[in-house]
Amino acid sequence: MRMPARSIARACAALACGACSLHNSQNALDASGPQSGRIAGLWWLMLPIASVVWVIVVAILMWGAARKRSPRETAETRAGSEVLARNDARDRRMTRIVAGGVIATVLTLFFVLVADFRVGQALTMPPSTKAVPIKIVGHQFWWEVQYPDSIPNRSVITANEVHIPVGTPVVMELRSFDVIHSIWVPSLTGKKDLMPGYTRSLWFRADTPGVYRGQCAEFCGLEHAKMQMLVIAQTQNDFDAWLSAQRDTAKTPSDSLAQHGKTVFEGTTCVMCHAISGTTAAATLGPDLTHVGSRQTIAAGTLRNTDANLYSWISDPQRIKPGVLMPATKLSPRDMQALVAYLRQLK
Amino acid sequence: MTAPPVAVGDSVPVDDRAEREQMTRVWERKPGLWGWLTTTNHKEIGKRYITTAFIFFLLGGIEAAMMRAQLSRPENSFLGPDKYNQIFTMHGSTMMFLFAVPIMESLGLYFVPLMVGTRNVAFPRLNAFGYWLFLIGGSFLYVQFFLNTGPDVGWFAYVPLSGPAFSPGKRADTWAQTITFTEIVAIVGAIELIVTIFKQRAVGMSLNRIPIFVWAMLVTAFMIMFAMPAVATASMYLALDRLVGTHFFNPSEGGDVLLWQHMFWFFGHPEVYIIFLPATGLVSTMLPAFTRRPVFGYPAMVLALVSVAFMAFGLWVHHMFATGIPQLAASFFTATSTMIAIPSGVQIFCWLATIWSGRPRFATPLLFIMGFIVLFVIGGVTGVMIASVPFDLQVHDTFFIVAHFHYVLMGGAVFPLFGAFYYWFPKVTGRMLSERLGKWNFWLFFIGMNLTFFPMHWLGFYGMPRRVYTYLASTGWGPLNLLASIGALVIASSVIIFLVNVLVSVRDGAIAGDNPWDADTLEWATSSPPPPYNFLHLPVVQGRSALWDEGDEHQVAVGTSTERREVLLTTTLDAQPDSRESHPHDSIWPFAMALAIGVLFITAIFTALALPIGGALALVAFAGWAWPSSEDVKTESDEKISLEGA
């Protein structure tokens, strides 16, 4: 890493800026769990070493280029060329210095290697306590999130929002049936690819309650950029309450607008891709909408979940996420308002 | 040894002129378009090759600038995802396959014969064929791009995204077929380089005396021979999956998506060193001229090159740490990825020692060399960091990696390359580039490079993945991205200054003379630009610095024919005269063969009929190529070769 005063200033400015204006919850160096914490620790160990290496090399380069040459280092003429005289004694001395440099390099690298392996070993150790199992399925361009249960109708399916309890390890089972995706929530842990044909797993723990942003890290097609997720770490009680609420089937709407919206939903192409438990909609191509009203965002983290955003999203998803697999839905304004009202009350 | 057939008399100027005219008659190409198409002279082809590759560099640069424009602010609408994905794929594919590897090989094909003191490259028709195929393959990619059929699956084209199910249409086929073109081009270039270096060196240039750039090209050529077949096979599997319906990479039919990554990176990581090693060779070969001493630690430098080449094949999995490779296996690749820093360190220490003990002359090439060391070490230390599995799992596929490999490839390869342009431009054109513009070129490049890529390290930590066409304002990535985009403008202005410098200097630059830098390698022993036959008398080498170690007597090897094209073959280890080899004449058949192969590859993505039709055309071209001519190739013994003082 470069480390002259100017660069230090720049780096610090960037860091400070990160603390004030950046979304705190998506930052590999602002660790909120042991996994990301260990990795950030590794960085803070390697950064000074790398900086010292760089400073030494550049200092020698500058000094070697600029130093005053003694008059004894005169040029001699060989076959018409002005070439420095051979100086075997000096070259032998330099050989010793270079050899010393190589040994120092080897020792430094070995030290870094041991630190790497220690962190790597700590991260690969499966959690000793009972972990919360979560299944993640990657889709173009959203995340399916499942909370399996031994009793099938107690399992939960949601999308793009992973709730986890604080202080308890989480084990994610990662699968994909289309292309390769990669799950990455920098504040909590490093990434892991979702490989079609393989099942991968990832375990981590959040220590501080909060909302952590993540997004797909493996190029997966047109809307790779807008395949985002939120990980919401909450206390065990809040988490249990959320999970049991998610187990409920969808509420039957009470007001007439939402009731009409339900009819619209069940009578249009929505049901070709989406499911709402407790209704006739049971397709699995798109996100499960049973509790869509309770989610903070729509379009895989692209828009805040508001009436207006939902309205424009359903009317023309291609304008917001060009290339998303959801087609535009042509509805009259009244039907659309009813549909939005219905979906929004699915808490 | 018997007397040479060509006598060297006392009145050198008179004899010299007649002799030169005779040699020019034998070696120069026919005039006009026909001559242009049929030439097999390594310098003509090399110049075209370098120019073509540089044009691809400019195109790749324009694509980079467009990406930076799009990312300069959040939710920008300059490029949509469809265009952006094509453009970042084109940028990567262009820079890796159409610029970096070809320009290093073409520098080798131009300068290696001059540096080893021979008249042409081995297999000159293959050389012409390679260039034409490169031109056809590269143009094919860009024609497709301008027809909106440019690849959009990344330069790595991971399956299953690039497979038939998720990339319908011809975009991914364009990518796969371009790769097939460039692999063949790279491999034929490597064959020519290896044979030229092993068999056509000047008398006395034993293996421990060849210039380090030539060593670097030799090592690189071997790496190409082993690395390229892996990706050529992979791209053929992909083409079969897409065009024929095989299931190499289809998991639901027992195919494997990881297989692609292994095959791609088995090529893809050595590829980095295929680009970087020639660049280190350029540095080591330029440095003596600007420090007035031979490069320090020649044996260590050469051993470093060779060991890097071996290790480069043992670390491809570090591109795949996030795929779920078992920890123990990954540790092996962490160790090798860390280990490869050792030979790179050896090279850097030797350059530092050379500069320290030398008498630096701060011409533009030396500035680029020093800039190279400053930038490359940044890329090197971040390279050691990302060798670590846990750390890589955070920064993999983020802008941290983008920053890292641009420091390595731009700092580590493009900077030496620009230094090399300033250094060898006088040899190729006979005129010097402007030093004043050169300094502007360097400083803007250096500043722009750091403005663009240094902030990207932090963007990586803040969670910005690669290959995203946009980002939300709430991410807070805007300011650093804007900074990077401003840096891109600075780099662009620097490259424009370079272009101006070239265009002005090629007509009005100072006349260079044979050896403007007072350098030590053989290419400076002939005129600038060199005559078609390179050297009137083949040089004899008496030391590692060919021109500096010459005794009082200038020795040459005489005895090769002046009546027809002939090169002198020497023994591989000691470069003692071995035999005289007739050298092929100019021919249209390499061009015809390239056209036939071009037709075959390009139409193959549209119809299976391409195979019989293109195959038949290629057969015709091959027959023409191989047809025995009246000037039959024959090899003669060395009895007529003699060494003389001239």
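The structure displayed is predicted, hence computed values, not measured ones. (Residues numbered from 1 in each chain as written. Chains lettered and ligands numbered in written order. Predicted model: local features only at pLDDT ≥ 70, side-chain atom pairs only at ≥ 80, totals over all residues.)

### Observations regarding the overall build of chain B
Here is step 1: The secondary structure content of chain B amounts to 18 helices and six strands.
Here is step 2: Its C-alpha radius of gyration of 25 Å places chain B within 12% of the 26 Å reference for a compact globule of 646 residues.
Here is step 3: When the backbone C-alpha atoms are referred to their principal axes, chain B occupies close to 85 × 60 × 50 Å.
Here is step 4: Residue burial in chain B is summarised as follows: out of 646 residues, 61% are buried. (Helix = DSSP H or I, 4+ residues; strand = E, 2+ residues; numbered from the N terminus. Rg over C-alpha atoms; globule rule 2.2 N^0.38 Å. Buried ≥ 20, exposed ≤ 12 C-beta atoms within 10 Å, placed from the backbone.)

### Focus: the overall build of chain A
Here is step 1: When helices and strands are counted, chain A shows nine helices and 14 strands.
Here is step 2: Looking at the 347 residues of chain A, the share that counts as buried comes to 39%.
Here is step 3: Long-range contacts, defined here as pairs at least 24 residues apart, represent 64% of the contacts in chain A between residues at least 6 apart. (Contact = placed C-beta atoms within 7 Å.)

### Description of helix H9 (residues 298-311) of chain B
Residue and element names in this part refer to chain B.
Here is step 1: Given a rise of 1.5 Å per residue, 14 residues ought to cover 20 Å, and the 20 Å separating the end C-alpha atoms of H9 matches this to within 8%.
Here is step 2: When we look at burial in H9, the residues that qualify are Met 301, Ala 304, Leu 305, Val 308, Ala 309 and Met 311.
Here is step 3: Those residues of H9 that are buried are in contact with helix H7 (212-243), helix H8 (257-291), helix H10 (327-339) and helix H11 (341-357). (Expected span 1.5 Å × (residues − 1).)

### Considerations on the interface of chain A and chain B
Here is step 1: Listed by partner, the interface residues are 78 residues for chain A and 78 residues for chain B.
Here is step 2: Those elements that provide at least two residues to the side of chain A that touches chain B are helix H1 (5-20), helix H2 (34-66), strand S1 (75-78), strand S2 (81-84), helix H3 (88-124), strand S9 (189-194) and strand S11 (210-215) of chain A.
Here is step 3: Sorting elements by how many residues they give to the side of chain A that touches chain B places H3 of chain A first, with 17 residues.
Here is step 4: Residue classes in the side of chain A that touches chain B are distributed as 44 nonpolar, 18 polar and 16 charged. (Nonpolar A, V, L, I, M, F, W, Y, C, P; charged D, E, K, R; others polar.)

### Points about unusual backbone geometry
Here is step 1: The omega angle of the peptide bond from Gln 140 of chain A to Phe 141 of chain A is 0 degrees, so this bond is cis rather than trans.
Here is step 2: Position of Phe 141 of chain A among the secondary structure elements: in the loop between strand S3 (132-139) and strand S4 (142-147).
Here is step 3: Even without a glycine there, the phi angle at Asn 148 of chain B is positive, about 65 degrees.
Here is step 4: Along the chain, the position of Asn 148 of chain B falls in the loop between helix H5 (124-146) and helix H6 (171-199).

### Things to note about the confidence of the model for chain A
Parts of the prediction with low pLDDT should not have their coordinates interpreted in detail.
Here is step 1: The pLDDT averaged across chain A works out to 90; a share of 90% of its residues lies at or above 70.
Here is step 2: Ignoring residues within four places in sequence, the model shows residues 1-23 of chain A, a span with pLDDT below 50, making 29 contacts including any to other chains. (pLDDT = per-residue confidence, 0-100.)

### Some words on the packing of helix H4 (residues 81-115) of chain B against helix H14 (residues 399-429) of chain B
All names here are of chain B.
Here is step 1: Axis separation between H4 and H14 bottoms out at 12 Å; the angle between their running directions is 35 degrees. The interaxial crossing formed by H4 with H14 has left-handed handedness. Taking contact as the criterion, the partners of Ala 100, Ile 103, Leu 107 and Phe 111 in H4 are, on H14, Leu 409, Ala 413, Leu 417, Ala 420 and Trp 424.
Here is step 2: Residue composition of the contact of H4 with H14, by class: nine nonpolar, no polar and no charged. (Axes fitted to C-alpha atoms, helices over the stretch in contact; angles between N-to-C directions. Left-handed = near helix turned anticlockwise from the far one by under 90°.)

### Points about the nonpolar core
Here is step 1: In this structure, Val 231 of chain A together with Ala 100, Val 214 and Ile 373 of chain B are the most contacted members of the largest nonpolar core, which totals 308 residues.
Here is step 2: At 21 residues, H14 of chain B tops the list of elements feeding residues into this core. (Core = buried A, V, L, I, M, F, W, Y, C linked by C-beta atoms within 7 Å.)

### Observations concerning the packing of helix H12 (residues 364-386) of chain B against helix H15 (residues 435-461) of chain B
Residues and elements named next belong to chain B.
Here is step 1: Two elements in contact, H12 and H15, have axes separated by 9 Å at closest approach and are oriented at 10 degrees. With respect to their mutual orientation, H12 and H15 come out roughly parallel. In this structure, H12 contributes Thr 364, Leu 367, Phe 368, Gly 371 and Leu 375 to the contact, and H15 contributes Glu 435, Gly 438, Lys 439, Phe 442, Phe 446 and Met 449.
Here is step 2: A per-class count over the contact of H12 with H15 returns six nonpolar, three polar and two charged. (Parallel < 35°, antiparallel > 145°, perpendicular 65-115°, else oblique.)

### Observations regarding H4 of chain B
In an α-helix, one full turn covers 3.6 residues, which means residues spaced three or four apart are oriented alike.
Residue and element names in this part refer to chain B.
Here is step 1: Over its 35 residues, H4 extends 48 Å from the first C-alpha to the last, a length consistent with the 51 Å expected when each residue adds 1.5 Å.
Here is step 2: At Thr 94, H4 is deflected by roughly 35 degrees, the largest bend along its length.
Here is step 3: Of all 35 residues in H4, 32 are buried, a share of seventy percent or more.
Here is step 4: Positive backbone phi, at 75 degrees, marks Gly 117, one or two positions downstream of H4. (Bend = angle between axes of the 7 residues up to and from the residue.)

### Regarding the pairing of strand S7 (residues 170-176) of chain A
All names here are of chain A.
Here is step 1: On S7, burial follows the alternation: Val 170, Met 172, Leu 174 and Ser 176 on one face are buried, whereas Val 171, Glu 173 and Arg 175 on the facing-out side are not.
Here is step 2: With seven bridges connecting them, S3 and S7 associate as parallel partners. The residue bridging Ile 136 from the neighbouring strand is Leu 174, located in S7.
Here is step 3: Across five bridges, the pairing between S7 and strand S10 (residues 200-204) is antiparallel. Following the sheet pairing, Val 170 is matched in S10 by Phe 204. (Pairing = 2+ DSSP bridges.)

### Some remarks on the confidence of the model for chain B
All names here are of chain B.
Here is step 1: Scored by pLDDT, chain B comes out at a mean of 93, with 95% of its residues at no less than 70.
Here is step 2: Confidence drops under pLDDT 50 across residues 1-13; counting only partners more than four residues distant or on other chains, this segment forms 15 contacts.
Here is step 3: For this predicted complex, the interface confidence comes out at an ipTM of 0.92, alongside a pTM of 0.94.

### Overview of the pairing of strand S4 (residues 577-582) of chain B
Here is step 1: Here strand S3 (residues 566-570) of chain B pairs with S4 of chain B via five bridges, running antiparallel. The residue of S4 of chain B that forms the bridge with Glu 566 of chain B is Ser 582 of chain B.

### Comments concerning the sheet that holds S11 of chain A
Residues and elements named next belong to chain A.
Here is step 1: Here three strands make up an open sheet; going across it, the order is S6-S12-S11 and the pairing mixed. Both edges of this open sheet fall to strand S6 (161-165) and S11, since each of them pairs with a single strand only. Looking at each pair of strands side by side, their axes are set apart by 25 degrees on average, direction ignored.
Here is step 2: With five bridges joining them, S6 and strand S12 (residues 228-234) adopt parallel strand pairing. Its bridge partner lying in S12, Ile 164 is registered against Ala 233.

### Overview of the environment of Leu 174 of chain A
Residues and elements named next belong to chain A.
Here is step 1: With respect to the element layout, Leu 174 can be found in strand S7.
Here is step 2: Looking at Leu 174, the number of C-beta atoms within 10 Å reads 22, which means it is buried.
Here is step 3: Taking C-alpha positions, Leu 174 is 9.8 Å from Val 145, a pair spaced 29 residues apart along the chain.
Here is step 4: Setting aside chain neighbours within four positions, we find Leu 174 in contact with Ile 136, Ile 183, Lys 192, Leu 194, Arg 200, Ser 201 and Leu 202.

### A short note on the sheet that holds S10 of chain A
Residues and elements named next belong to chain A.
Here is step 1: Here five strands make up an open sheet; going across it, the order is S5-S4-S3-S7-S10 and the pairing mixed. At either end of the open sheet lies a strand with only one pairing partner, and these are strand S5 (156-159) and S10. On average, each strand axis in the sheet is tilted by 25 degrees relative to the strand beside it, whichever way the strands run.
Here is step 2: One ladder, built from four bridges, connects S4 with S5; its direction is antiparallel. Bridge pairing in S5 links Tyr 147 to Val 156.

### Remarks on the environment of Thr 336 of chain B
Residues and elements named next belong to chain B.
Here is step 1: Among the structural elements, Thr 336 can be located in helix H10.
Here is step 2: With 51 residues separating them in the primary sequence, Thr 336 and Ala 387 have C-alpha atoms 8.5 Å apart.
Here is step 3: Setting aside residues up to four positions removed in sequence, Thr 336 forms contacts with Met 311, Gly 314 and Leu 315.

### Some points on the environment of Met 225 of chain B
Residue and element names in this part refer to chain B.
Here is step 1: By the secondary structure assignment, Met 225 is in helix H7.
Here is step 2: For Met 225, a count of 14 C-beta atoms within 10 Å gives the class partly exposed.
Here is step 3: Spatially, the C-alpha atoms of Met 225 and Ala 186 are 8.5 Å apart, while their sequence positions differ by 39 residues.
Here is step 4: Residues in contact with Met 225, not counting those within four places in the same chain, are Ile 187 and Ala 190.

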